[in-house]
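Chain residues, written in single-letter form:
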Amino acid sequence: MTTQVQSAWPDHPEYRIDATPCPHTAQVWFRDVLVAESDRCLVVTETDHDDRLYFPESDVRWDLFAPSDHTTVCPFKGRANYWTLTSATPVIENVVWTYRTPLPEVAAIAGHVSFYDDDALRVVVVEHWPDGSTVPVTFPLWGDADELCRLIDVEPASSCCFMGPAHGPTRRNVVEGGQLLAEAIVAASKVLPEQRVTSASMIFTKAASFDAPVELTVDVLRRGRTFSSAEVRVNQHGVLRAAGVVLADSGASEVMRDTERMPDVPEPDAALAFPGFGMTGREIRVVDGAYDPDPDRVGPPVINAWVRFRNAPREPYLQAALLAQSTTHWTIAAGMLPHRGMGEARAHITLSTGIMKATVAFHDDVDIADWLLYTNHAFWSGRGLVQGDGRVFSRDGRLAASYTIQAMVREFAADPAAMGHDSRTAM
């Protein structure tokens, strides 16, 4: 009973638990079985915890579960009762819980249950796009594509200095290298507004965090009528996080054209929906499901992924930047595929992984709201590094961009937990 729970609210008035309506359809899957689905979920955001989805009890398939005698106590929510997934073999104990009589501060969660999203159960939200598409996205969410666009559309602080805004809180407080590369492209485009960025190369010297802004300085190395070049440096808290070189040009008439052909791969509808990365507003479909966390899956070091955004910004440099941001998603996972026991699920858990350098060149203009095929080949791995390259093709076969990636994949010198880190912060 709630009366048996000693409330911690009087001693911790700064603690926050907010329950807000989820704007999407939410689902819970056990393998290929849908065990819960609702348009009336609550997103519960709690201090120092991952967001949780709470489903109305009436929207759960209770024939798949049985009540458990297990209980726990949360000093901010009350006493939790649990259910076991009895339809699994073997059964999976205590995967669903509820606070039948929650403390007054969290009364909104009464009549709702939540699920552990581990190897057994998958929790997703399904976004309904204006074109009628339904796009699944893993929960908890990082955010939305519009938020990503806001972050990379850096704001001028002076003639050659820009600020990239903060975002947070996040499940893993590390900014992906592709985002910093995208911000550098935007900053250089704003300093050289009469020219188009044709390539950018960036080294990532130290991880940046989402919960503080970044500062970008653009040093124009040469401003020419045909070509210009600039150095872009990214700092946070006075520490260098990334540095790169950008090349831009004013365009020219075409004297020749020859391009690599798009590989013969299944169309997006035949590829596997990939709900990972926790971002609404972007749909990803992976050919043959090759981006697979299963450490026992072995295959060639190749990942082909179709990507499109719900909306395309009007500014061409923002479209180029969003295209570049996605180039750093795939190389590490591709490099792991030939090696049994090296699944992507080990990243940031038992393996220290990260993008160290990225170079992207832009060829044809494309609409990022249309499907783009990212082909990724990790052609070398060893000595704690992975090297790969990739291409970006439009659905009609035009080569939009090409890129090369160098990444690290190394054993942790010490266990992340021993260093005070977990999968949200380890890098």
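This structure is a prediction, so every number in the text was calculated from the model and none was measured.

(A) Geometry of the sheet that holds strand 10 (residues 121–128). Spatial strand order, 3-2-10-11: four strands in an open sheet with antiparallel pairing. The two strands at the open ends of the sheet, each matched to only one other strand, are strand 3 (33–38) and strand 11 (134–138). Strand after strand, the sheet turns through a mean of 30° between neighbouring axes, direction not considered. Bridging between strand 2 (residues 25–30) and strand 10 involves six bridges; their strand directions are antiparallel. Considered in strand 10, the bridge of Trp29 is made with Arg122.

(B) The sheet that holds strand 6 (residues 65–74), seen in detail. Within the open sheet, the seven strands sit side by side as 1-4-5-9-8-7-6. Their pairing is antiparallel. Bordering the open sheet on either side are strand 1 (17–21) and strand 6, each of which pairs with just one other strand. Neighbour-to-neighbour, the strand axes of this sheet turn through a mean angle of 35°, independent of strand direction. Across three bridges, the pairing between strand 8 (residues 92–98) and strand 9 (residues 112–115) is antiparallel. Across the sheet, residue Trp97 finds its bridge partner in strand 9, namely Ser114.

(C) The arrangement of the packing of aromatic side chains in detail. Overall, the coordinates contain 18 aromatic pairs when judged by the stated rule. Relative to Trp83, the ring of Trp62 lies with its centre 4.5 Å away and its plane at 40°, an arrangement referred to as tilted. Note that Trp62 is positioned in the loop between strand 5 (52–56) and strand 6 and Trp83 in strand 7 (residues 78–85), a separation of 21 residues in sequence. Note on Trp83: relative accessible area 10%, which makes it buried. Between the aromatic rings of Tyr82 and Trp97, the centroid separation amounts to 6.4 Å while the plane-to-plane angle is 40°, which identifies the pairing as tilted. Of the two residues, Tyr82 is situated in strand 7 and Trp97 in strand 8; the sequence distance between them amounts to 15 residues. Of the two residues examined, Tyr82 and Trp97, each falls in the buried class. The structure contains a cluster of three or more aromatic residues connected by ring pairs, namely Phe55, Trp62, Phe65, Trp83 and Phe115.

Calculation criteria
- Residues numbered from 1 in each chain as written.
- Predicted model: local features only at pLDDT ≥ 70, side-chain atom pairs only at ≥ 80, totals over all residues.
- Heavy atoms only, no water.
- Pairing = 2+ DSSP bridges.
- Helix = DSSP H or I, 4+ residues; strand = E, 2+ residues; numbered from the N terminus.
- Axes fitted to C-alpha atoms, helices over the stretch in contact; angles between N-to-C directions.
- Phe/Tyr/Trp six-rings, centres within 6.5 Å; stacked < 30°, edge-to-face > 60°.
- Buried < 20%, exposed > 50% of the residue type's maximum accessible area, 1.4 Å probe, protein only.

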